[in-house]
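# Structural overview
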Amino acid sequence: ARLVVLVSGSGTNLQALLDAIAADPSGYGAEVVAVGADRGGIVGLERAERAGLPVFVCRVKDHPTRAEWDLALTAATAAYEPDLIVSAGFMKIVGKEFLARFGGRLINTHPALLPSFPGAHGVRDALAYGAKVTGCTVHFVDDGVDTGPIIAQGVVEVRDEDDDDGGAALHERIKEVERRLLVDVVGRLARNGYRIEGRKVRIP
Ligand code: GRF
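Under an unreviewed UniProt entry, the name given to the protein is Phosphoribosylglycinamide formyltransferase, and the organism recorded is Streptomyces zagrosensis. Under the heading Sequence similarities (unreviewed entry), UniProt records this for the protein: "Belongs to the GART family." Looking at the protein in UniProt, the text filed under Function (unreviewed entry) is "Catalyzes the transfer of a formyl group from 10-formyltetrahydrofolate to 5-phospho-ribosyl-glycinamide (GAR), producing 5-phospho-ribosyl-N-formylglycinamide (FGAR) and tetrahydrofolate."

Structure (structure tokens):
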């Protein structure tokens, strides 16, 4: 399967996918064909360039309207003819054009146990709420924010000392689980195929 990965930051989820593919190029069942971002100058793009991959940057501010940004992101992604798009720390909500083109083939990873703590601050919100466990969720993207059908989740304990650093250590512990979960899910979706039945995802 051809993957396009969308990033906005350090790209450690992207790196986990690249490392898994490099470790088993014929067996993993997918290859990253391009990496897209909503901003330049991020480590995620450096990781892509280091891997010799094509990259594209679609910045909202470069377009007169959000809808035109959505169109540009859709066209830039479609140029690589992806089978699956992986939003790995991509911090923009894609628009209806992108969903019309890639809905059902677009997955996202979120650092909380959805439906709890959706949105851009899931780690901090779980910590502030006093949750005793949190974790990460890999899900298909629908027209809501972090509301699409859940594919897999991983649980991470919250520790008392996590209150001391605003959730940084907790987020790192979540990302360790998240990277393994994403690599496992993407490989299974690519190798086995899948069916989305309402809110359920079936991977044979
Ligand atoms: C991940 O935890 C993702 O769930 C969240 O931001 C983080 C991105 O990390 N949205 P990276 O850029 O993959 O290192």
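Residues annotated in UniProt with the feature "binding site: (6R)-10-formyltetrahydrofolate" (unreviewed entry) correspond here to Arg66, Met91, Lys92, Ile93, Val94 and Asn108. Of the residues named above, Met91, Lys92, Ile93, Val94 and Asn108 line the largest pocket. The topology assignment puts arginine 66 in helix 3 (residues 66-78). Residues in contact with arginine 66, not counting those within four places in the same chain, are Val60, Lys92 and Ile93. Not counting residues up to four positions away in its chain, the partners in contact with asparagine 108 are Ser87, Thr137, Val138, His139, Val141 and Asp146.

Moving on, we get to unusual backbone geometry. The linkage connecting leucine 114 with the following residue, proline 115, adopts the cis geometry, with an omega of 10°. By the secondary structure assignment, proline 115 is in the loop between strand 5 (106-110) and helix 5 (122-129). A positive phi angle, close to 45°, is found at glutamate 81, a residue other than glycine. Looking at the secondary structure, you find glutamate 81 in the loop between helix 3 and strand 4 (84-87). Classification of glutamate 81 as exposed rests on a relative accessible area of 60%. Its identity as a non-glycine residue notwithstanding, aspartate 146 has a phi of 60°, on the positive side.

A few words now on the site of the ligand. Near the ligand lie 14 residues; those nearest to it are Ser10, Gly11, Thr12, His171 and Glu178. In this structure, an oxygen atom belonging to the ligand sits 2.6 Å away from a side-chain N or O atom of threonine 12. One of the side-chain nitrogen or oxygen atoms of asparagine 13 is found 2.9 Å away from an oxygen atom of the ligand. The fraction of the free accessible surface of the ligand (360 Å²) that becomes covered by protein chains is 90%. When contributions to the shell around the ligand are tallied by element, the ones reaching two or more residues are helix 1 (12-23), strand 5 and helix 6 (168-192). By residue number, the principal contributor to the shell around the ligand is helix 6, which donates three residues.

A separate point is the side chain of lysine 175. Mapped onto the elements, lysine 175 comes out in helix 6. Although lysine 175 is buried, it forms no salt bridge, and the closest oppositely charged side chain is glutamate 172 at an N-O distance of 4.2 Å. Polar side-chain contacts of lysine 175 include one of 3.5 Å to the side chain of serine 10. Excluding its chain neighbours within four sequence positions, the residues that come into contact with lysine 175 are Ser10 and Thr12.

Below, the discussion takes up the sheet that holds strand 5. Strand order in this open sheet of seven strands is 3-2-1-4-5-6-7, and the pairing throughout is mixed. Strand pairing shows two members of the sheet lacking a second neighbour, strand 3 (55-57) and strand 7 (150-157), which therefore form its edges. When strand polarity is set aside, the average angle formed by the axes of neighbouring strands in this sheet is 20°. Bridge count between strand 1 (residues 2-7) and strand 4: four bridges; the pairing is parallel.

Let's shift gears to the packing of aromatic side chains. Taken as a whole and judged by the stated rule, the model has four aromatic pairs. Ring centres 5.0 Å apart and planes at 35° place the aromatic pair phenylalanine 140 and tyrosine 194 in the tilted group. Placement of the pair is phenylalanine 140 in strand 6 (residues 133-140) and tyrosine 194 in the loop between helix 6 and strand 8 (195-197), with a sequence separation of 54 residues. Under the relative-accessibility criterion, phenylalanine 140 is labelled buried at 1%. Residue classification places tyrosine 194 among the partly exposed residues on the basis of a relative accessible area of 25%.

What counts and how
Residues numbered from 1 in each chain as written. Predicted model: local features only at pLDDT ≥ 70, side-chain atom pairs only at ≥ 80, totals over all residues. Heavy atoms only, no water. UniProt positions renumbered as here; feature names shortened; annotations may be inferred. 1 Å grid on protein atoms, 1.4 Å probe; cavity = no way out; pocket = protein on both sides within 12 Å on 5 of 7 lines; lining within 4 Å. Helix = DSSP H or I, 4+ residues; strand = E, 2+ residues; numbered from the N terminus. Contact = heavy atoms within 4.5 Å. Buried < 20%, exposed > 50% of the residue type's maximum accessible area, 1.4 Å probe, protein only. Near = heavy atom within 4 Å. Polar contact = N/O pair within 3.5 Å; in protein donor to acceptor, adjacent residues only side chain to side chain. Areas by Shrake-Rupley, 256 points an atom, 1.4 Å probe, with all protein chains shown as cover. Lys, Arg positive; Asp, Glu negative; His and termini not counted. Salt bridge = Lys/Arg side-chain N within 4 Å of Asp/Glu carboxyl O. Pairing = 2+ DSSP bridges. Axes fitted to C-alpha atoms, helices over the stretch in contact; angles between N-to-C directions. Phe/Tyr/Trp six-rings, centres within 6.5 Å; stacked < 30°, edge-to-face > 60°.

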